[in-house]
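Residue strings, one per chain:
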2 protein chains.
Amino acid sequence: MNPVEMWKTVDGYSPLVSFLNTVSPISKEAMDFLDKSTTLLSIEKKKFLLKPGAVVTDFYFIIKGVIHGFIKEGDKQITTWINEEGEIVSSIRNLGTNKPCEEYLQALEDCVLIAIPIAITEEAFEVYPETNAVARRLWEDNYRGAEERAYLGRIPSAEKKYKKFIEKNPNLMNRIPLKYIASYLGMTVETLCRIRARQR
Amino acid sequence: MNPVEMWKTVDGYSPLVSFLNTVSPISKEAMDFLDKSTTLLSIEKKKFLLKPGAVVTDFYFIIKGVIHGFIKEGDKQITTWINEEGEIVSSIRNLGTNKPCEEYLQALEDCVLIAIPIAITEEAFEVYPETNAVARRLWEDNYRGAEERAYLGRIPSAEKKYKKFIEKNPNLMNRIPLKYIASYLGMTVETLCRIRARQR
């Protein structure tokens with residue numbers, strides 16, 4: 001499928017708008033507004049969506065591909081999250097703070113995204129109040145996910161971390177290089193490989 | 001101040017309802033509904049608000065005191081969050097999942113809380129649509145906080161972890177036993193003491 005075909009779903013709206021409408025129903029006017037205020041974006045594998053110092057102006061809905069967020073500590077990259085299709089990503093730690101981005105957002109595959117300017121979401125909340133319920137549910141869901149990641153990072157047993165991870169992300173292990181997953185789980189690639197071999 | 005005095009602020013509403021109204025304005029009807037649907041709760045230092053296996057039915061707004069969430073790994077307690085006055089806590093990892101609680105919520109001081117049944121929040125979202133904007137902002141804020149905790153748990157440098165922590169929680173260090181903060185930061189009490197001494 002090429003990006004243009006991905007842009008419209010059977011109901012004539014973008015996959016983003018159709019998705020938001022399933023989270024909590026929104027009016028036709030809100031759907032039209034969101035459709036015309038958001039744009040399709042392709043980004044090649046290994047390219048950066050955001051880098052430290054950038055001003056964060058958009059959310060990104062992943063139509064295709066995998067994005068990870070990481071920080072650099074000296075020479076070391078520390079992956080703090082990995083997201084696939086159907087997720088909305090951005091530099092959430094800086095959301096609404098007006099502080100520049102502190103993390104890297106990088107494509108781990110060729111990605112097709114929909115960019116959602118943060119400013120238009122604010123407009124939507126004012127003009128189409130029903131969109132507040134959509135955002136409430138999405139943030140609740142993402143809050144739970146972030147809480148789970150905060151917990152995962154603190155489990156001392158590498159084995160338990162691995163189990164939690166594959167429960168939540170059954171496909172990622174075969175989709176992206178293990179080094180990113182090892183970094184996310186706070187273990188070496190060798191430890192991750194050893195645990196995988198044991199579990200099979 | 002005794003709990004009953006804490007219950008009403010100058011506008012005649014509970015501190016919770018007054019707080020929610022500052023997050024995003026809500027109607028008088030919604031304020032009355034929330035006031036009569038929530039209850040004051042005292043819990044002594046060291047007592048548990050939730051334990052693994054419990055059904056999670058409420059959120060808790062902290063009027064006074066400190067609560068932490070932890071998990072047990074063998075003999076070890078791992079603190080995943082610590083919250084003070086003005087925060088809403090619960091077992092967020094299980095929110096909306098119908099799964100029993102997996103963590104301990106424990107008072108680290110004598111606490112006064114307001115219990116908010118999750119069922120009544122759902123009712124409020126339906127009947128008083130303006131409450132969706134309140135929850136959207138609260139979850140956004142909590143999502144950002146959880147993301148920050150997920151990040152904090154993955155910083156390899158103990159010194160940087162400590163700095164991030166005191167930036168965010170300048171008072172907690174003098175308020176609760178260091179062992180909980182060390183656990184939250186994933187370091188030993190000895191390491192935490194050493195870093196503190198160096199920073200002074």
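Here, the structure is the one placed above.
Keep in mind it's a predicted model, so treat the numbers as computed, not measured. (Residues numbered from 1 in each chain as written. Chains lettered and ligands numbered in written order. Predicted model: local features only at pLDDT ≥ 70, side-chain atom pairs only at ≥ 80, totals over all residues. Heavy atoms only, no water.)

Caption draft 1: Expanded view of the packing of helix H6 (residues 158–168) of chain A against helix H8 (residues 189–199) of chain A. All names here are of chain A. In contact at an axis separation of 10 Å, H6 and H8 are set at 70° when each is read in the N-to-C sense. When the interaxial angle is binned, H6 and H8 end up roughly perpendicular. Across the interface between the two elements, Ala 158, Glu 159, Tyr 162 and Lys 163 of H6 pack against Thr 191, Leu 192, Ile 195, Arg 196, Arg 198 and Gln 199 of H8. In terms of residue class, the contact of H6 with H8 is built from four nonpolar, two polar and four charged. (Axes fitted to C-alpha atoms, helices over the stretch in contact; angles between N-to-C directions. Helix = DSSP H or I, 4+ residues; strand = E, 2+ residues; numbered from the N terminus. Parallel < 35°, antiparallel > 145°, perpendicular 65-115°, else oblique. Contact = heavy atoms within 4.5 Å. Nonpolar A, V, L, I, M, F, W, Y, C, P; charged D, E, K, R; others polar.)

Caption draft 2: Spatial organisation of the side chain of A:Gln106. All names here are of chain A. You can see Gln 106 is positioned in strand S7 (residues 104–107). Taking the relative accessible area as the measure of exposure, Gln 106 reaches 8% and is therefore buried. A polar side-chain atom of Gln 106 sits 3.0 Å from the main-chain carbonyl oxygen of Lys 46. One polar contact links Gln 106 to His 68, side chain to side chain, over a distance of 2.9 Å. (Buried < 20%, exposed > 50% of the residue type's maximum accessible area, 1.4 Å probe, protein only. Polar contact = N/O pair within 3.5 Å; in protein donor to acceptor, adjacent residues only side chain to side chain.)

Caption draft 3: View of the nonpolar core. In this structure, A:Ile67 and B:Ile67 are the most contacted members of the largest nonpolar core, which totals 86 residues. Leaving out residues up to four positions away in the same chain, A:Ile67 has contacts with A:Leu49, A:Ile62, A:Trp81, A:Ile82, A:Asn83, A:Leu105, A:Gln106, A:Ala107, A:Cys111 and A:Leu113. (Core = buried A, V, L, I, M, F, W, Y, C linked by side-chain atoms within 4.5 Å.)

Caption draft 4: Spotlight on unusual backbone geometry. Within the chain, A:Lys46 stands out as a residue other than glycine whose phi angle is a positive 80°. Position of A:Lys46 among the secondary structure elements: in the loop between strand S1 (39–43) and strand S2 (48–50).

Caption draft 5: Examining the sheet that holds strand S4 (residues 67–73) of chain B more closely. All names here are of chain B. With respect to topology, four strands assemble into an open sheet ordered S2-S7-S4-S5, the strand pairing being antiparallel. In the strand order of this sheet, the two ends are held by strand S2 (48–50) and strand S5 (76–83), each with one partner. Across the sheet, the mean angle from the axis of one strand to that of its neighbour is 35°, orientation sign disregarded. Two strands pair when backbone bridges link them, and S4 and S5 are joined in this way by seven bridges, in the antiparallel orientation. What sits directly across from Lys 72, in S5, is Gln 77. (Pairing = 2+ DSSP bridges.)

Caption draft 6: View of the relation of the copies chain A and chain B. Each copy superposes on the other: chain A lies on chain B with an RMSD of 0.0 Å after a rotation of 180° and an axial shift of 0.0 Å. Look at the turn and shift together and you get a two-fold axis relating the two. A share of 100% of interface residues in chain A that are also interface residues in chain B marks the association as one of identical surfaces. (Least-squares fit on C-alpha atoms with pLDDT ≥ 70 in both.)

Caption draft 7: Local environment of the pairing of strand S8 (residues 111–117) of chain A. Residue and element names in this part refer to chain A. Extensive coverage of S8 is indicated by the burial of six of its seven residues. In this sheet, S8 lies alongside S1 in antiparallel orientation, the contact comprising five bridges. Counted as the bridge partner of Leu 41 is Leu 113 from S8. Relative to S8, strand S3 (residues 58–64) runs antiparallel, the two sharing six bridges. Residue Phe 61 lies in a different strand from S8, and its bridge partner there is Ile 114.

Caption draft 8: Here's a closer look at the sheet that holds strand S6 (residues 88–89) of chain A. Residues and elements named next belong to chain A. Pairing is antiparallel across the open sheet formed by four strands, whose spatial order is S1-S8-S3-S6. Looking along the sheet, the strands with just one partner apiece sit at the ends: S1 and S6. Contacts from helix H2 (residues 15–23) reach S3, S6 and S8, with the element oriented near 100° to S3.

Caption draft 9: Quick peek at the packing of aromatic side chains. The full count for this structure, using the stated rule, is 16 aromatic pairs over all chains. Ring centres 4.7 Å apart and planes at 5° place the aromatic pair A:Phe70 and A:Tyr104 in the stacked group. Of this pair, A:Phe70 sits in strand S4 (residues 67–73) while A:Tyr104 is found in strand S7, placing the two residues 34 residues apart along the sequence. We note that A:Phe70, like A:Tyr104, is buried. Arranged with centres 5.4 Å apart and planes meeting at 45°, the rings of A:Tyr143 and B:Trp139 form a pair that is tilted. Taken together, the residues A:Tyr143 in helix H5 (residues 131–152) and B:Trp139 in helix H5 (residues 131–152) connect one chain to another. (Phe/Tyr/Trp six-rings, centres within 6.5 Å; stacked < 30°, edge-to-face > 60°.)

Caption draft 10: Structural view of the interface of chain A and chain B. Across the boundary between the two partners, chain A contributes 37 residues, which contact 37 residues of chain B. In this assembly, chain A packs against chain B so that about 3800 Å² is buried in total across both faces, 57% of it on carbon and sulfur atoms. Our count for the contact surface shared by chain A and chain B stands at six salt bridges. For the salt bridge of A:Glu147 with B:Arg149, the shortest nitrogen-to-oxygen distance reads 2.5 Å. Here chain A and chain B share ten residue pairs in polar contact (both at pLDDT 80 or more) between them. Of all the secondary structure elements, the ones that give two or more residues to the side of chain A that touches chain B are S4, strand S5 (76–83), H5 and H6 of chain A. By residue number, the principal contributor to the side of chain A that touches chain B is H5(A), which donates 16 residues. Its residues placed into classes, the side of chain A that touches chain B shows 17 nonpolar, eight polar and twelve charged. (Buried area = accessible area lost by both parts, 1.4 Å probe. Salt bridge = Lys/Arg side-chain N within 4 Å of Asp/Glu carboxyl O.)

Caption draft 11: Geometry of the environment of A:Lys163. All names here are of chain A. On the secondary structure map, Lys 163 appears in helix H6. Its relative accessible area of 44% is what places Lys 163 among the partly exposed residues. For the pair Lys 163 and Ser 42, spaced 121 residues apart in the sequence, the C-alpha separation amounts to 33 Å.

Caption draft 12: Region of the structure containing the environment of B:Lys51. Residues and elements named next belong to chain B. Tracing the sequence through the fold places Lys 51 in the loop between S2 and strand S3 (58–64). What makes Lys 51 partly exposed here is its relative accessible area of 44%. Apart from the residues lying within four places of it in its own chain, the contact partners of Lys 51 are Cys 101, Glu 103 and Tyr 104.

The values are spatial; any link to function lies outside them.
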